[in-house]
Amino acid sequence: MTTPHKKHVAVLMGGWSAEREVSLVSGAGVAKALEEEGYRVTAVDVQRDLEGLLRALTDPRPDAVFNALHGRGGEDGTIQGVLEFLGIPYTHSGVRAAAVAMDKAMTKALLAPVGVRSPKGLVLTKGELTGGAHPMPAPYIVKPVDEGSTVGVTLVREGQNSPVGDAWTFGERALVEEFIPGRELTVGVMGGLDGECRALTVTEIRFEAQVYDYTAKYSAGHAVHTVPAQIPEHVAEEAKRLAVLAHRTLGCRGVSRSDFRWDDRKSGTDGLFFLEINNQPGMTPLSLVPEQAAAVGLTYGALVAWMVENAACQLD
């Protein structure tokens, strides 16, 4: 073990979103790695209890917070606002960037003017979605506007009578997008307080299902990651450029991950489409960003330590 740091880090995990279990795994891994790097660590299982959270963050008060929460409440600006109020530096994006990145439709709208192309789509209310009429020719994708980890992602195929039936439980709005055939790519980005951004590498994700859903992402054996992706260099470089551009345009900091679909039947980079950005990527043993960091020579411990040392507040 390295010489202990004086810095005390509170690792926030759990939460109350659909991604609670994944967050607990991420948080446990982060806490263990930070302890091995010499930090003093307090693990905090966040509940829907503001008074309890404030006690955990003031007695004793940590020097920094590692935000390992996922989904609503954890990566949408909510917990970031609490930490800004308390004046405690925290990892990942600030209030504004987190709120925007969590809203897939808003993200697409803000990135389109700077040249980040995404699939054609529209936002529907729950009533419009479950009404029976197809909003666009199948096949197409239906996904929650403001959930992470591919929660609720559904592929609507030709011949289905209703988009998703009456079982939609992911909020009052849904994003409907044209389905892009081809290959799933993702790029992690590290961006520190100095404004410098670095794309790690490109991963290709192959999976059994037709869409990269929650099961494929977090269940061992359901997806295969190729790092770096075996794709043409010009496609890889364009994916990395777009991931950095998305990170900077939205004002993200720390680590983010942008997901793409690449239709390899098209020439050049014409088939490359941005899907979404995750401003708080998972840190589980199956997670993509730690895997990419390892591929470029950065250990898990070094990655989380870098994130803590770049923790900040009041920068939005």
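Now for a description of the structure that goes with this document. (Residues numbered from 1 in each chain as written. Predicted model: local features only at pLDDT ≥ 70, side-chain atom pairs only at ≥ 80, totals over all residues. Heavy atoms only, no water.)

Let us look at the sheet that holds strand β3 (residues 64-67). Reading across from one edge, β2-β1-β3 is the order of the 3 strands in this open sheet, with parallel pairing throughout. Each end of this open sheet is capped by a strand with a single partner; those strands are β2 (40-46) and β3. Each adjacent strand pair in this sheet contributes to an overall mean axis angle of 25°, direction not counted. Pairing of strand β1 (residues 8-14) with β2, which is carried by 7 bridges, proceeds in the parallel orientation. When the sheet's bridge partners are listed, Met-13 is paired in β2 with Asp-45. (Pairing = 2+ DSSP bridges. Helix = DSSP H or I, 4+ residues; strand = E, 2+ residues; numbered from the N terminus. Axes fitted to C-alpha atoms, helices over the stretch in contact; angles between N-to-C directions.)

Glancing now at the pairing of β3. The alternating pattern of β3 places Ala-64 and Phe-66 and Val-65 and Asn-67 on opposite faces, both of which are buried. Bridge analysis of β1 against β3 gives 4 bridges, and the strand direction is parallel. Each bridged residue has a counterpart across the sheet, and for Val-11 the counterpart in β3 is Phe-66. (Buried < 20%, exposed > 50% of the residue type's maximum accessible area, 1.4 Å probe, protein only.)

What follows concerns the packing of helix α1 (residues 20-36) against helix α10 (residues 300-309). Following both chains from N to C, one finds α1 and α10 inclined at 90°, their axes separated by 9 Å at the closest point. Relative to α10, α1 is oriented roughly perpendicular. Seen from α1, the contacting residues are Ser-26, Gly-29, Val-30, Ala-33 and Leu-34; seen from α10, they are Tyr-300, Gly-301, Val-304, Ala-305 and Val-308. Of the residues belonging to the contact of α1 with α10, the class tally is 7 nonpolar, 3 polar and no charged. (Parallel < 35°, antiparallel > 145°, perpendicular 65-115°, else oblique. Contact = heavy atoms within 4.5 Å. Nonpolar A, V, L, I, M, F, W, Y, C, P; charged D, E, K, R; others polar.)

Summed over all chains, the structure comprises 1 aromatic pair. An angle of 75° between the planes, with centres 5.9 Å apart, marks the rings of Phe-260 and Phe-274 as edge-to-face. With Phe-260 in strand β11 (residues 254-262) and Phe-274 in strand β12 (residues 272-278), this pair connects stretches of sequence that are 14 residues apart. Note on Phe-260: relative accessible area 0%, which makes it buried. A cation over an aromatic ring shows up here: Arg-117 above the ring of Phe-273, its NZ or CZ 4.6 Å from the ring centre. (Phe/Tyr/Trp six-rings, centres within 6.5 Å; stacked < 30°, edge-to-face > 60°. Lys NZ or Arg CZ within 6 Å of the ring centre and 35° of its normal.)

Judged by nonpolar contacts, the single largest core of 26 residues is most densely connected at Leu-185, Val-202, Ile-231 and Phe-260. If one sorts the elements of this core by residue count, helix α8 (residues 233-250) sits on top with 8 residues. One finds Val-9, Leu-200, Leu-298 and Met-307 within the second-largest nonpolar core, a separate group that totals 25 residues. (Core = buried A, V, L, I, M, F, W, Y, C linked by side-chain atoms within 4.5 Å.)

Take the pattern of salt bridges next. Enumeration according to the criterion identifies 17 salt bridges in this entry. With its nearest N and O atoms 2.9 Å apart, the salt bridge here joins Arg-20 to Asp-45. Of the two residues, Arg-20 is situated in helix α1 and Asp-45 in strand β2; the sequence distance between them amounts to 25 residues. Arg-20 sits in the partly exposed class, given a relative accessible area of 22%. The partly exposed category is assigned to Asp-45, whose relative accessible area is 37%. Measuring nitrogen to oxygen at the nearest pair gives 3.1 Å for the salt bridge that ties Glu-237 to Lys-240. With a gap of 3 residues between them, Glu-237 and Lys-240 both fall in helix α8, about one helical turn apart. One salt-bridge network, in which partners are shared between bridges, spans Lys-108, Lys-143, Glu-177 and Glu-276. (Salt bridge = Lys/Arg side-chain N within 4 Å of Asp/Glu carboxyl O.)

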